[in-house]
Amino acid sequence: MYVCLCTGVTDGKIRDAIYEGCCSYKEVRLATGVASQCGKCACLAKEVVRETLMELQTAQAAIPYPAEFTAA
Ligand code: FES
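Residues numbered from 1 in each chain as written. Predicted model: local features only at pLDDT ≥ 70, side-chain atom pairs only at ≥ 80, totals over all residues.

Caption draft 1: Local environment of the nonpolar core. Grouped together as the largest cluster of nonpolar side chains are 15 residues, with contacts concentrated most on V3, C4, I14, V28, V34, A45 and V49. In this view, V28 contacts I14, A17, I18, C22, V34 and V49; residues no more than four positions away in its chain are not counted. (Core = buried A, V, L, I, M, F, W, Y, C linked by C-beta atoms within 7 Å. Buried ≥ 20, exposed ≤ 12 C-beta atoms within 10 Å, placed from the backbone. Contact = placed C-beta atoms within 7 Å.)

This is how it looks when you write it as structure tokens:
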């Protein structure tokens, strides 16, 4: 779905930017250009960033260490 009509940024592009290393809305904005013109999409863009970061945190918390894992 298009999040930003001015720059053609989709929710997928925002998620990809986060998967590639962006850790905040500011970083996503710099990487994708979302909300860099009229700004009307900023709330939705922030929501997609927040949801994606929360999904990643939840997924990382759910990864169990192997039983034989020992700290070096
Ligand atoms: S809709 Fe995103 S900057 Fe205008």
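Caption draft 2: Inspection of unusual backbone geometry at higher detail. Even without a glycine there, the phi angle at A35 is positive, about 60 degrees. With respect to the secondary-structure elements, A35 resides in the loop between helix 2 (25-32) and helix 3 (42-62). Assessed through the 22 C-beta atoms surrounding it within 10 Å, A35 is described here as buried. (Helix = DSSP H or I, 4+ residues; strand = E, 2+ residues; numbered from the N terminus.)

Caption draft 3: Examining the packing of helix 1 (residues 11-19) against helix 3 more closely. Helix 3 packs onto helix 1 with a crossing angle of 45 degrees between their chain directions and a minimal axis gap of 10 Å. One finds that helix 1 runs oblique with respect to helix 3. As helix 1 packs across helix 3, the resulting crossing turns out to be right-handed. Two secondary-structure elements touch here, helix 1 through D11, I14, R15 and I18 and helix 3 through A45, V48, V49, T52, L53 and L56. Looking at side-chain class alone, the contact of helix 1 with helix 3 contains 7 nonpolar, 1 polar and 2 charged residues. (Axes fitted to C-alpha atoms, helices over the stretch in contact; angles between N-to-C directions. Parallel < 35°, antiparallel > 145°, perpendicular 65-115°, else oblique. Left-handed = near helix turned anticlockwise from the far one by under 90°. Nonpolar A, V, L, I, M, F, W, Y, C, P; charged D, E, K, R; others polar.)

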